[in-house]
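# Summary of the model geometry
Listed here are the chains, written in short residue letters.
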Amino acid sequence: MTTTAVVPNDVLRAVRIGLRLSQDDFAKALRRAGAELGEPNEASKRLVQRWESGTSKTPRGVYARALERVTGRPVEALGFALPVPTARVHADGKGGHDMETGTTDVASASVGAQPTAQTGEETFSGVWLSRYEFFSSSRGDSYEGKHYVVIVQHGNRLTVQSLPGASSNPDSPLTLDLTVDRNVVTGTWVEQTAADGYYNGARYHGAIQLLVEPTGRRMAGKWVGFGKDFDVNTGPWELRLVDRSTSKATLERYGQPPE
């Protein structure tokens, strides 16, 4: 039977020491940061020890955000094993398109890629920037669609709706129906293109699967959908949190095309 070696997180330990904080003081600072962020956490000396020893390789979202506030560094720069998916669309040579994917592991390769944070307890409600890329066979080039969307969470279900006037393509509303399972988000999407736009009011729909980053501020993955030649196309899709509020004033502020 083989076992995976536990590799200490010397980066986090060095950062903590550089802040002149004991493990207990560091835990207290994390709890204060959580309270300031409106996301109380239960950071303890024991938890800090588990991170630094490498026993626990990935912090949950509430801890990741508190770590960033206390250290002033992105969680990706604190020595945790956080694989970040990247993707670009390209022609598949068969009239459709596909993705080239890669993973950048910011921790030592000897640690091995670990699942991202268990974000089943996270609250994803808020305003997000949605961005997807697609290949237009009729125009022979890649394009991207951007929307400001509002996410409303009910248990493990996420209802996503673009805000009026908040699309890079005018009058192109977007809707997603998603389900969260730990750090994996799966569901369907529907977009109605503008009647006077390039696609003449066509309605497109398909499936989508995303991975949630440990901070809970970004979801990245890909979409699939049918092309006009009866092939299945795909491309990258990401959602980035821009505001946790869903107040009327916030929604009105983002009711404009993304830059």
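Counting of residues starts from 1 at the beginning of each chain's written sequence and follows it residue by residue. In view of the model being predicted, local features appear only for residues whose pLDDT reaches at least 70, and side-chain atom pairs are presented and counted only at 80 or more, with totals across whole chains, interfaces and linings using the full set of residues. Excluded from the side-chain calculation are hydrogens and water; included are all heavy atoms of the structure.

### Some thoughts on the overall build of the protein chain
Note the cut-off: Comment: elements are numbered from the N terminus, with helices defined as DSSP H or I runs of at least four residues and strands as E runs of at least two. Only protein chains enter the accessibility calculation, which uses a 1.4 Å probe; a residue is then buried when its area is under 20% of its type maximum, exposed when over 50%, and partly exposed in between. By definition, residues are in contact when any of their heavy atoms lie within 4.5 Å.
Scanning the protein chain from N- to C-terminus turns up 5 helices and 10 strands. By residue count, 44% of the 259 residues in the protein chain fall in the buried class. Sequence-distant contacts in the protein chain: of pairs separated by 6 or more residues, those separated by 24 or more amount to 51%.

### Topic: the nonpolar core
Which entries qualify depends on this criterion: Put simply, a nonpolar core is a bunch of buried Ala, Val, Leu, Ile, Met, Phe, Trp, Tyr and Cys residues held in one set by side-chain atoms that sit within 4.5 Å of each other.
In terms of nonpolar packing, the biggest core is built from 22 residues, with Phe124, Trp128, Leu158, Leu176, Val185, Met219 and Trp237 touching the most fellow members. Looking at this core, the element that brings in the most residues is strand 6 (residues 174–181), giving 4 residues. Once residues within four sequence positions are removed from consideration, valine 185 is found in contact with Leu158, Leu178, Thr179, Val180, Ile208, Gln209, Leu210, Val212 and Met219. Formed by 18 residues, the second largest nonpolar core is a distinct cluster that contains Leu12, Phe26, Val75 and Phe80.

### Structural notes on the packing of helix 1 (residues 10–18) against helix 3 (residues 45–53)
Our working definition: Interaxial angle, 0 to 180 degrees, is taken between N-to-C directions of lines fitted to C-alpha atoms, where a helix line uses only the stretch in contact. Note on angle classes: values under 35 degrees are labelled roughly parallel, values over 145 roughly antiparallel, values of 65 to 115 roughly perpendicular, and the remainder oblique.
Following both chains from N to C, one finds helix 1 and helix 3 inclined at 130 degrees, their axes separated by 7 Å at the closest point. In terms of axis orientation, helix 1 runs oblique to helix 3. Where helix 1 approaches helix 3, its residues Leu12, Arg13 and Arg16 are matched on the opposing element by Val48, Trp51 and Glu52.

### Side note on the packing of aromatic side chains
For any pair of aromatic rings, the description rests on two quantities: the centre-to-centre distance and the angle between the ring planes. What counts, and what does not: Whether two aromatic rings pair depends on their centres lying within 6.5 Å, for rings of Phe, Tyr and Trp, where Trp uses its six-membered ring; planes under 30 degrees apart make the pair stacked, over 60 edge-to-face, and the rest tilted.
Under the counting rule described, the total for this entry stands at 9 aromatic pairs. With 5.9 Å between their ring centres and 75 degrees between their planes, tryptophan 51 and tyrosine 63 make a pair best called edge-to-face. Here tyrosine 63 lies in helix 4 (residues 61–71) and tryptophan 51 lies in helix 3, a separation of 12 residues in the sequence. Ring geometry for phenylalanine 124 and tryptophan 128: centres 6.4 Å apart, planes at 45 degrees, overall tilted. Residue class for tryptophan 128 comes out buried when judged on its relative accessible area of 0%.

### Quick word on the pattern of salt bridges
Test applied: For this document, the term salt bridge refers to a Lys or Arg side-chain nitrogen within 4 Å of an Asp or Glu carboxyl oxygen.
If you walk through the whole model with that rule in mind, you get 14 salt bridges. Linking glutamate 52 and arginine 16 is a salt bridge whose minimum nitrogen-to-oxygen distance equals 2.5 Å. Taken together, the residues span a long stretch of sequence, with glutamate 52 in helix 3 and arginine 16 in helix 1 at a distance of 36 residues. Overall, the relative accessible area of 6% leaves glutamate 52 in the buried class. The buried category is assigned to arginine 16, whose relative accessible area is 8%. A salt bridge links arginine 244 to glutamate 39; its shortest N-O distance comes to 3.9 Å. Taken together, the positions of arginine 244 in the loop between strand 10 (232–243) and helix 5 (248–253) and glutamate 39 in the loop between helix 2 (23–37) and helix 3 put the pair 205 residues apart, joining distant regions of the chain. What makes arginine 244 partly exposed here is its relative accessible area of 34%. Assessed through its relative accessible area of 16%, glutamate 39 is described here as buried. In this structure, a network of salt bridges that share partners links the residues Arg131, Glu144, Lys146, Glu213, Arg218, Glu238 and Arg240.

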